[in-house]
Amino acid sequence: MRKYILFNDNWQFAAQKLNLDASDDLFESITLPHPNKIFPHHNVDNEEYQFISTYRKKFFWRKQPESEASAKIYTSDDSSLVFLDFDGVMLACTVYLNGRFLSEHVGGYAPFSVEITNTLQEGENILTLHVDSRERKDVPPYGHLVDYLTFGGIYRDVHLRLVNPIHIENTFIQTLDVVENPRLVCDVRLNHFKRGLSLEAIVIDAMGSEIASIQRQVEHQTARLEFEALPDAALWSIERPTLYSLKVSLIYNNKPLDTLSSRFGFRQAEFCPDGGFYLNGERINLLGLNRHQTYPYIGAAAPARLQRQDADILKYELACNIVRTSHYLQSPHFLDRCDEIGLLVFEEITGWQHVGDEKWQAICLAELETMIERDRNRPSIVLWGVRVNESGDNDDFYGRTNTLAHQLDPTRQTGGVRDFLGSSFLEDVYTHNDFSNGVRIPTEQPHLITEFAGHMLPTKIWDHEERLIEQALLHAKIHNLQLGDEKIAGAIGWCAFDYATHIEFGSGDRICYHGVMDIFRLPKWAAYLYQSQQSPSKKIVLHAATHWTMGDRNGGGNNPLTVFSNCEEIEIIIGKISVGKFQPAFDIYPHLDHPPFIIGGLDAYSAWGQSEFYDLHLISYLQGKPVSEQWISSNRLPKRLELFTDSGQLQADGADMTRLVFRITDKFGNPLPYATKVVTFELEGDADLIGENPFPLIGGQAALYIKAHHQPGTVIIRAHVPGLPSTSAALEIISASDFEGQRQER
Ligand code: GAL
C-alpha cells in the first residue's frame, strides 16, 4: 500500500559543489526546509545565494516487512516502487544515489519526483543533490530583470513515497451542478493498465463518516468515476469551507494495490460575462492582495507553520477573500490552509515580464502542467494564470498555455496578467495590473484587477504619518472604485507583505516596501483599512491612523484624523473633552462596506506649538452602544518593551518555527515607530534564534524567528533594551509524535 515518509531529517549541507564521496567534515547537519544562506532582514545581496551547493543524506534501507521498520531504518517490501518527492528545489538540481546520476530538474517552484527503486541498496545509501541556485538565464523567471528574489536550497519538504508497481498516478475531482443537484466525477489515471483491475472510491466527510461510495472495473489506463447525485453535500464557500475527502482504491483479486486520498469541496466558481465573479451562484466581490513567499532571514524556506500562518493573516488580519500567488507556484502548506479557511486563490505560472526561447518556454509549460495536476482538486483555486506576469503578447506561446490549461482542467477559467489594455485576449478572464492610481476598464470582459498601488507608493512602517495614510487611502480609493463598478469582478492589491528584491527595484536596501504589512507581517495602516472591511460580527476593528504628535505632519497637528473601523460611529475624546461622534466617510467611499472615518476640526486640540496636548481616546459604537476603544498617549516616550511568540508550542522536528515579535510601545501598547533602539536577546533551551541579534530597531516593531531542535523542552527568550524593563517570552517544544497526536485530536 502507498506510504509517504517525511524525508526532511538528517541532511548534510555544504555551500559548495563537492564530490559525491566528499568527507563528512566538509558538511554541516541540517533539517529541511533549508535556505542555502541566512540573510539580514534587508540589504539582501542576491549574489550571496547564487552558488552550487551540495545536499547529502545518508540513510539505511532494508527490504523487510513494514512491521520491522524503525525510526533509523527505512524499509519496503520486495515489490514496492520507491520515489523521492521534492516539493521545491531552487533553482535547478541534479540527483545522485549511491554514486549514480538519477536525474536533473530545472525550475525552482514546481515539485518533481525521482524513482530510486533500482538504485537503492541494502544497508547504507547516500543521496546527493547538487543544487544550482544561480539566477540562470535559461530558467524561468530569469533571462531579464525580476522584481523579487528567488533564494536557494532545498527549501520545501521532501518525502519518500512507496507504491505498488501498479498504482494511481493522479486523480482529478470535479464537482458539478453543486447548487441544484450536487454531483461528483473523478478522473483517475493509473501508471499502468492490466486486465482485472477495479476502482473503489469513497467520499468521506469532515467527521470521518462515509457518505457515498462507488465501484467499477477498469478498462483503460484512465477511468472515470461518476457518483449519483449527493443531495446532502455541504458546499465549500468562503464563510463555510466544508471539505470532504475522496479515497480512491485500486483493487486486484480483491486486494487493494493502492489508495490515494485527496481533499476537495463542492463548489462552483465562475467569472461571468456580466463582469461578476460567482461562487455557488452568488456574486462575490473579490477583494484581495498579492503574496510573495519571501520571509526575512530564511528567504523562501519557511516551514509548514509559517506558510499556513500567511493564509491566516490574509484571511483574518487582512480580511481578504482572494490571494494571488504572484508570480509562481507556492507551497502546498499555504494552499492547504487556503482550502481549509475559505480563501480563494488565483495561482499563476512562473515569470516576470520576460519570455525566453523554446527551451525556456518548455520549462514554463511543464510547470503549468505540474501546477494544474498538483492543485486542481483544491476548492480554493478559482483561476489559473497562464501568462508570464506582465509579459508582452505572444499568441503562439499563450495559445499553447491556454489550450494546455483547458485540457488539464476544463472546469476552471484562465487569466493572463498583463499591464496594458488592448492586448490579445486569449484567456477567459482579462486579468490586468492597473497602476493608473484609478481604474481603467478594458473592453474585454470579464475583468479582474490583479495589481494596483505597489511601486506607486512604497511605504515604510517608519514613514511619517501622511505617507502611511496616503498608502492606506490609495487602497481604499481603488477598492471603492472597483466595488462601485459592476463590470469589475474585483481587485487584488500589490501587495500583502514587503519583500526582498534585486537592485533594479526597491528602496536601495533591496526591499520593495509595497506591502500593507512589512516583511515581518506586521501591519502598516493600510492593513487596518483591509481589516476594517469585514463585518463587525466577525471582529470589531478600531484603529486610528495617527502617531498622535504635535509635529509629525507637514504643518503639524492631526487634522484630519483618519480612523479605520467597521463600527457605525466613533467618539473622539481628547484629554477629558469629548470632541464629538463621527460617521464613516460614505461621501468619499460610497462603495466600501466600511469607509475610513476622516475627522476634521481637531486643530483646537493638537496644533503645532500649542502648549496643552492630551492623550487621545477613541470609542467606537454599534447601534448606539460602545463596543471598543483605543487610547494613544500624547507622551510619546518609550514605556514598554513587548515580546511575544505567535505559537506557544513547536514540534521537536528540527525545522518548526514561530515568529517572535518585539516592539517598543507607549504606555497603552501602541508601537512607537521612531523608537530607534538596539534590542538584545538571550535564548535558553534547545532552539535557535533566527535573525539579527542584537537588532537595531527602527519602526518600533520587528520580529525574529525561533526554530526548534530535536529535543522537547521549554524555551525562554529574554529581551533587553537600554532604559526599559527587560521582558521575556516562553514556549514549549514537544516531541514530534506527541504533536502528531494533538493534531489528530483537533
Ligand atoms: C508590477 C509587477 C509586480 C511588482 C509590482 C510593484 O508591475 O507585476 O511583480 O513588481 O509591479 O508595484
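Residues numbered from 1 in each chain as written. Predicted model: local features only at pLDDT ≥ 70, side-chain atom pairs only at ≥ 80, totals over all residues. Heavy atoms only, no water.

Draft legend 1. Layout of the overall build of the protein chain. The helix and strand tally for the protein chain stands at 7 helices and 47 strands. Expected size for 746 residues packed as a compact globule is a radius of gyration near 27 Å; at 27 Å, the protein chain falls within 12% of this value. Considering only C-alpha atoms, the protein chain reaches an extent of 90 × 60 × 50 Å along its principal axes. In the protein chain, buried positions account for 60% of the 746 residues. (Helix = DSSP H or I, 4+ residues; strand = E, 2+ residues; numbered from the N terminus. Rg over C-alpha atoms; globule rule 2.2 N^0.38 Å. Buried < 20%, exposed > 50% of the residue type's maximum accessible area, 1.4 Å probe, protein only.)

Draft legend 2. Just the pattern of salt bridges, in detail. Counting across every chain of the model gives 41 salt bridges. Across the pair Glu340 and Arg337 runs a salt bridge whose closest N-O atoms are separated by 3.0 Å. With Glu340 and Arg337 both in helix H2 (residues 332-341) and 3 residues apart, the pair spans about one turn of that helix. Judged by relative accessible area, Glu340 falls into the partly exposed class, the value being 23%. Ionic pairing is found between Glu358 and Arg400, a salt bridge with its closest N-O pair at 3.6 Å. Of this pair, Glu358 sits in helix H3 (residues 358-375) while Arg400 sits in helix H4 (residues 395-408), and the two are 42 residues apart along the sequence. (Salt bridge = Lys/Arg side-chain N within 4 Å of Asp/Glu carboxyl O.)

Draft legend 3. Structural context of the sheet that holds strand S25 (residues 381-385). The 8 strands are arranged S26-S25-S24-S23-S22-S29-S28-S27 in an open sheet whose pairing can be described as parallel. Looking at strand neighbours, the two that pair on one side only are strand S26 (413-415) and strand S27 (430-433), the edges of this open sheet. Looking at each pair of strands side by side, their axes are set apart by 25° on average, direction ignored. Bridge count for S27 against strand S28 (residues 447-451) is 4 bridges, and the pairing is parallel. In the strand pairing of S28, Asn433 is matched with Glu451. Contacts from H3 reach strand S24 (344-348) and S25 within the one sheet, and its direction differs from that of S25 by about 175°. (Pairing = 2+ DSSP bridges. Axes fitted to C-alpha atoms, helices over the stretch in contact; angles between N-to-C directions. Contact = heavy atoms within 4.5 Å.)

Draft legend 4. Representation of the side chain of Thr645. As for its placement among the helices and strands, Thr645 is situated in strand S39 (residues 640-645). For Thr645, the side chain forms a polar contact with the main-chain oxygen of Ser647, separated by 2.9 Å. Sequence-distant contacts of Thr645, defined by excluding residues within four places in its chain, comprise Thr658, Arg659, Leu660, Ile706, Ala730 and Leu731. (Polar contact = N/O pair within 3.5 Å; in protein donor to acceptor, adjacent residues only side chain to side chain.)

Draft legend 5. The arrangement of the nonpolar core in detail. Ranked by size, the top nonpolar core spans 125 residues in total, and within it Leu314, Leu318, Tyr530, Phe662, Phe681 and Phe695 carry the most contacts. For Tyr530, the contacting residues outside a window of four places in its chain are Leu287, Gly288, Leu289, Leu318, Ala319, Cys320, Phe452, His475, His479, Gly493 and Val516. (Core = buried A, V, L, I, M, F, W, Y, C linked by side-chain atoms within 4.5 Å.)

Draft legend 6. Quick look at the environment of Ser113. Looking at the secondary structure, you find Ser113 in strand S9 (residues 112-115). Residue classification places Ser113 among the partly exposed residues on the basis of a relative accessible area of 43%. For the pair Ser113 and Ser103, spaced 10 residues apart in sequence, the C-alpha to C-alpha distance is 9.5 Å. A distance of 2.7 Å separates the side chain of Ser113 from the side chain of Asp85, its partner in a polar contact.

Draft legend 7. Local environment of the sheet that holds strand S13 (residues 183-190). Ordered in space as S12-S13-S16, the 3 strands form an open sheet in which the pairing is antiparallel. Looking along the sheet, the strands with just one partner apiece sit at the ends: strand S12 (168-176) and strand S16 (222-226). Direction aside, neighbouring strands of the sheet carry axes that sit 15° apart on average. Of the strand pairs in this sheet, S13 and S16 are connected by 5 bridges, and their pairing is antiparallel. By the bridge assignment, Asp187 is partnered in S16 with Arg224.

Draft legend 8. Local environment of the confidence of the model for the protein chain. On average, the protein chain scores 95 in pLDDT, and the residues at 70 or more come to 98%. Throughout residues 741-746 the model reports pLDDT below 50, and contacts reaching past four residues in sequence, or to other chains, amount to 3 contacts. (pLDDT = per-residue confidence, 0-100.)

Draft legend 9. Structural view of the site of the ligand. As a structural note, the neighbourhood of the ligand is formed by 13 residues, with Asp147, His327, Trp352, Glu390 and His455 the closest of them. Between the ligand and His327 there is a distance of 2.6 Å, counted from an oxygen atom to a side-chain nitrogen or oxygen. Between the ligand and His455 there is a distance of 2.6 Å, counted from an oxygen atom to a side-chain nitrogen or oxygen. Taking 310 Å² as the accessible area of the ligand by itself, protein coverage stands at 95%. Across the shell around the ligand, the residue classes break down as 4 nonpolar, 6 polar and 3 charged. (Near = heavy atom within 4 Å. Areas by Shrake-Rupley, 256 points an atom, 1.4 Å probe, with all protein chains shown as cover. Nonpolar A, V, L, I, M, F, W, Y, C, P; charged D, E, K, R; others polar.)

Draft legend 10. Just unusual backbone geometry, in detail. Of the consecutive residues Leu32 and Pro33, the connecting peptide bond is found in the cis state with omega at -5°. Relative to the assigned elements, Pro33 resides in the loop between strand S3 (28-30) and strand S4 (52-63). In this structure, Leu91 follows Met90 across a cis peptide bond, with omega equal to 5°. Mapped onto the elements, Leu91 comes out in the loop between strand S6 (81-86) and strand S7 (92-97). With a phi angle near 60°, Glu390 is a residue other than glycine that sits in the positive phi range. Relative to the assigned elements, Glu390 resides in the loop between S25 and H4. The phi angle at Ala453 is positive, at roughly 75°, despite the residue not being glycine. Looking at the element boundaries, Ala453 is found in the loop between S28 and helix H5 (465-483). You can call Ala453 buried: its relative accessible area is 4%.

Draft legend 11. Summary view of H4. Taking 1.5 Å per residue as the helical rise, H4 with its 14 residues ought to reach 20 Å, and the 20 Å between its terminal C-alpha atoms agrees with that figure. When H4 is considered as a whole, its buried residues turn out to be Phe397, Tyr398, Thr401, Asn402, Leu404, Ala405 and Leu408. Along the axis of H4, the buried positions cluster into a sector of 165°, meaning they face one direction only. Where H4 is buried, its residues touch S12, H3 and S26. (Expected span 1.5 Å × (residues − 1). Arc of directions from axis to C-beta.)

Draft legend 12. Here's a closer look at the packing of aromatic side chains. In the structure shown here, the tally under the stated rule is 25 aromatic pairs. Here the aromatic rings of Trp352 and Phe505 are separated by 5.2 Å at their centres, their planes lie at 80°, and the arrangement is edge-to-face. Taken as a pair, Trp352 in the loop between S24 and H3 and Phe505 in the loop between strand S30 (499-500) and strand S31 (511-512) lie far apart in primary sequence, 153 residues in all. Each member of the pair, Trp352 together with Phe505, is buried. Judged by centre distance (5.3 Å) and plane angle (65°), the ring pair of Phe425 and Tyr430 falls under edge-to-face. Here Phe425 falls in the partly exposed class, since its relative accessible area comes to 28%. Grouped by ring-pair contacts, the aromatic residues Tyr297, Phe520, Phe662, Phe681, Phe695 and Tyr705 constitute a single cluster. Directly above the ring of Phe334 sits Arg291, whose terminal nitrogen or CZ lies 4.0 Å from the centroid. (Phe/Tyr/Trp six-rings, centres within 6.5 Å; stacked < 30°, edge-to-face > 60°. Lys NZ or Arg CZ within 6 Å of the ring centre and 35° of its normal.)

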